[in-house]
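Residues per chain, in single letters:
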Amino acid sequence: MILDELVLHNFGVYRGRQQFNLTPEGPERPIILVGAQNGSGKTTFLEGLQLAFFGRQALSHLRGGGSYEDYLRRAINRAVPAEEGAEVQAKFRRVVAGQEQVFVIRRAWSVQKTALKEVFEVVVDGKFDRVLTEQWGEFVEDMLPPRIAPLFFFDGERIEQFADLHRSAEVIATAVNALLGLDIVERLTVDLEVLERRKKAAAVNKVARDAIAAAEAAVHAAEDAAQVAYAKRGAAKKLRDRREAQLERARQAFASEGGELFRSRESISEARTQVGNAIEGLEKSLRAWAADCAPLLLIPGLLAEVAEQATREVSAQETRTVLRHLDDRDQRTLDLIGGLGADPALLERVTSYFEQDRAVLMEIASASAYLNLPPLALGQLDLLLTDSLSASARTRDELLEELEALESQMDTLERKLASIPAPEAIAPALAAVEQAEAAFNAAEDELADAAREDEGCQRAVAAARAAYQGTLDRHVQHRLQAEDAQRTIEHASRARSTLERFRREVVRHHVHRIETLILEALRELLRKDDLIVDVRINPETFAIELRGGGWDAIPPEQLSAGERQLFAVALLWALAKASGQAAPTVIDTPLGRLDSKHRGRLVERYFGRAGKQVILLSTDEEIDGKLYAQLEPWLSRSFTISYDAELRGSQVRPGYAFAEADTLEAA
């Protein structure tokens, strides 16, 4: 299918008749680029397309909530009378039975007095087709089923929720059930259960039938309440997701303004005070160290000389004491040797030895003495040289090293304090974060309340169904009136079991193909070719597991924000391929908050190959002049939507103005 034209008349922000020629030039240039600033009509373009094709069935994908009639009333441009109304029209080509046919679908509505009047018509090859107009729901179900339309018409910012591996399991489950038609199996299972109940109910008496009817009415009432609660929960979840995205953007803006430093200013000031106190304490320790023996570290050589002189003086004193005894001993020794008749030569040699020995000792004893240190002082000097000074030096080094580290910390803290923005400068961003947090918390509370209500309704439905089944069993177990009814019940039960086995086997068979398609898409989009080497999908829970180069499971938090968003794109791309539908791909806000590298990856690897026709709805901050140049080889047409304040509506003109603006700025 090729979408040739979309016309939006007084629809949403569009004033008057605005026409988009969307026919691509050929398979090699499939891209149509539509640029607009936020609030000018990008998302309205996507909603107009969904509304044209699916009408009431598109309500779950349209903004605002409420009923279909409420949405149509709100969708009329505010600057025109409600009686004038609005219109969406889509023209497309499709091959039917080997022949290409041109379809024009037109959906127009207006408010006449208080009633809303809607007109829908289908024109085929220039002729109004009444049958197709009346049976459009069946036709579009075969051409592009609404349940898989989100695989082709999607909001680039909303796919962030698919980047969560836990949330992506819901996407896989919904898509697989839709692609394989398993929702039909589920409806058939429910129909068989209804058939069983009717057969059982037909076999009991009036009293039993009344009890069963009451139980069945209770089931219907509980199911109706559950549907309302489920819709309320879905709306609350969408609101929570939107508030979460707004909070994240506010926090990022706050952080870029220095908000985290601002919030930690008290702790930084306290740390600065603590470090200052520690520095002051160290300086006191250094002064105490200097008041001890530290000054003596300046004269280690002089202290060594004093110790050496003191040692010589002690030695001289001891030697003089020895000499006083040696004179008498030497003379007695010589007399003894001479009295024993020793040889005169020996006596002369001994005498000479004694004289030489005393001469050496006398030289030692003659050393000058001017210190006269007592033994206690000499011991203290020796202790000072061998232990105290080295210990003092080590203490000095430790204190100085610790002081240097603290001064480095103080310098870092001073720089942080200097970079903290002023309260008046950060106040708007802080207020935006607080407002976003309050809105998010309120949305969280609303979602929690809706979830509790939904769960309570589901329990009530289960209880009502159990009571209904119990009522049937009590009245039917021994009162089946006909063999045909019994046989029908048994066959229906077996058929339900067979359908369940069929569903499991079909899912198991097709999950592997989806795994392969996701892995192929990831390899195309990710810059790190070895980051993900395998994708596994649990056929029961549809949980996705990614494996890295070492075949270890990759935790979701290990992927960067850009890689998670590329994973979401790869997931939708793979599911779109698996659907086998040749529908155009329409992406609102295609690049989201991707960085420049990941944006380039999408431009190079995805947009030109996402389908035979790819319509991109971009802001000026997404596809700029540089990315426009990369996109140009695949580009057929481009448009710019701009809001005219005087006309109170958006207008469309050919060309992508944001690329032109970038070119002028570069010049």
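Before any of the text, the structure's been laid out above.
**Student:** So what about the overall build of the protein chain? Which residues, and what values?
**Tutor:** Along its length, the protein chain carries 18 helices and 14 strands. Relative to its full complement of 667 residues, the protein chain shows a buried share of 41%. The long-range fraction of contacts in the protein chain, counting pairs at least 24 apart against all pairs at least 6 apart in sequence, stands at 72%. For the protein chain, the accessible surface area stands at approximately 36300 Å², while carbon and sulfur atoms represent 52% of it.

**Student:** Would you mind going over the packing of aromatic side chains in detail, with residue names and values included?
**Tutor:** Following the criterion strictly, the structure yields 13 aromatic pairs and no others. Aromatic pair Phe53 and Phe54: ring centres 6.2 Å apart, planes at 45°, arrangement tilted. Ring geometry for Tyr628 against Tyr656: centres 5.5 Å apart, planes inclined by 5°, an arrangement best described as stacked. Here Tyr656 lies in the loop between β14 (649–654) and α18 (657–666) and Tyr628 lies in helix α17 (residues 625–631), a separation of 28 residues in the sequence. Of the two residues examined, Tyr628 and Tyr656, each falls in the buried class. Chaining the aromatic ring pairs together yields one cluster made of Phe53, Phe54, Phe92, Phe103, Phe120, Trp136 and Phe139.

**Student:** So what's going on with a negative patch on the surface? Residues and values would help.
**Tutor:** On the surface, a cluster of negative charge is made up of Glu280, Glu283, Glu398, Glu401, Glu402, Glu404 and Glu407. Secondary-structure elements contributing two or more residues to the negative patch are α9 (265–290) and α12 (375–419). For the negative patch, the element with the most residues is α12, which contributes five residues. When you line up the elements, Glu404 lands in helix α12.

**Student:** Could you give an account of the sheet that holds strand β7 (residues 127–128), with specific residues and numbers?
**Tutor:** Pairing between the strands of a sheet is mediated by backbone hydrogen bonds and can be parallel or antiparallel. An order of β2-β1-β4-β5-β6-β7 is seen for the six strands of this open sheet, with the pairing classed as antiparallel. With one partner strand each, in any of the chains shown, β2 (17–21) and β7 form the two edges of the open sheet. When strand β1 (residues 2–9) meets β2, the two strands line up antiparallel, connected through five bridges. Each residue of the ladder has a partner; that of His9, found in β2, is Arg17. In the packing of helix α1 (residues 42–54) onto the sheet, the strands contacted are β1, β2, β4 (86–96), β5 (99–112) and β6 (115–124), and the crossing angle to β5 comes to about 105°. Helix α4 (residues 136–143) rests against β4, β5 and β6 of the sheet, and its axis sits at about 55° to β4.

**Student:** So what's going on with the pairing of β1? Which residues, and what values?
**Tutor:** Two faces, one strand: in a regular strand the side chains alternate between the faces of the sheet. For β1, the buried fraction is high: seven of the eight residues fall into the buried class. Here β1 pairs with β4 via seven bridges, running antiparallel. Bridging from a neighbouring strand, Val7 pairs with Gln89 of β4.

**Student:** Help me get a handle on the environment of Leu400, residues and values and all.
**Tutor:** Looking at the element boundaries, Leu400 is found in helix α12. Considered as a pair, Leu400 and Glu283 are 117 residues apart in the sequence and their alpha carbons are 9.3 Å apart.

**Student:** Got a sec to walk through α1? Specific residues and values, please.
**Tutor:** Counted at 1.5 Å a residue, the expected span for α1 with its 13 residues is 18 Å, and the 19 Å between its end C-alpha atoms agrees. Burial analysis of α1 places 12 of its 13 residues in the buried class, the great majority of the element. What α1 keeps buried is the set Lys42, Thr44, Phe45, Leu46, Glu47, Gly48, Leu49, Gln50, Leu51, Ala52, Phe53 and Phe54.

**Student:** Report on the environment of Phe658, specifying residues and quantitative values.
**Tutor:** Residue placement: Phe658 occurs in helix α18. Placed 36 residues apart in sequence, Phe658 and Glu622 show a C-alpha to C-alpha distance of 9.8 Å. When sequence neighbours within four positions are dropped, the list of residues in contact with Phe658 reads Gly35, Ala36, Gln37, Ser618, Thr619, Asp620, Ile623 and Thr640.

**Student:** Tell me about the packing of α9 against α12, and name the residues and values.
**Tutor:** One way to put it is that α9 packs onto α12 with a least axis distance of 9 Å and a crossing angle of 155°. When the interaxial angle is binned, α9 and α12 end up roughly antiparallel. Note that α9 runs across α12; the crossing there is left-handed. Split into classes, the residues belonging to the contact of α9 with α12 amount to 15 nonpolar, six polar and seven charged.

**Student:** Give a detailed account of the pattern of salt bridges, specifying residues and quantitative values.
**Tutor:** Under the counting rule described, the total for this entry stands at 21 salt bridges. Among the ionic pairs, Glu25 bridges to Arg29, the shortest N-O distance being 3.4 Å. On the accessibility criterion, Arg29 (30% relative accessible area) is partly exposed. A salt bridge links Arg396 to Asp397, with the shortest nitrogen-to-oxygen separation between them at 3.2 Å. If you follow the salt bridges from partner to partner, you end up with Lys237, Arg240, Asp241 and Glu444 in one network.

**Student:** Please give an account of the pairing of strand β3 (residues 31–36) that cites residues and values.
**Tutor:** With respect to burial, β3 is a largely interior element, six of its six residues being buried. Covered by surrounding structure in β3 are Ile31, Leu33 and Gly35 together with Ile32, Val34 and Ala36, the residues of both alternating faces. Across five bridges, the pairing between β3 and strand β12 (residues 614–618) is parallel. Considered in β12, the bridge of Ile31 is made with Val614. Here six bridges tie β3 to strand β13 (residues 635–644), and the two strands are oriented parallel to one another.

What counts and how
Residues numbered from 1 in each chain as written. Predicted model: local features only at pLDDT ≥ 70, side-chain atom pairs only at ≥ 80, totals over all residues. Heavy atoms only, no water. Helix = DSSP H or I, 4+ residues; strand = E, 2+ residues; numbered from the N terminus. Buried < 20%, exposed > 50% of the residue type's maximum accessible area, 1.4 Å probe, protein only. Contact = heavy atoms within 4.5 Å. Areas by Shrake-Rupley, 256 points an atom, 1.4 Å probe, with all protein chains shown as cover. Phe/Tyr/Trp six-rings, centres within 6.5 Å; stacked < 30°, edge-to-face > 60°. Patch = residues over 30% accessible without salt bridge, like charges linked within 9 Å, V, L, I, M, F, W, Y side chains within 5 Å. Salt bridge = Lys/Arg side-chain N within 4 Å of Asp/Glu carboxyl O. Lys, Arg positive; Asp, Glu negative; His and termini not counted. Charge placed at Lys NZ, Arg CZ, Asp CG, Glu CD. Pairing = 2+ DSSP bridges. Axes fitted to C-alpha atoms, helices over the stretch in contact; angles between N-to-C directions. Expected span 1.5 Å × (residues − 1). Parallel < 35°, antiparallel > 145°, perpendicular 65-115°, else oblique. Left-handed = near helix turned anticlockwise from the far one by under 90°. Nonpolar A, V, L, I, M, F, W, Y, C, P; charged D, E, K, R; others polar.

Everything listed here is a matter of coordinates, which is why it stays silent on function.
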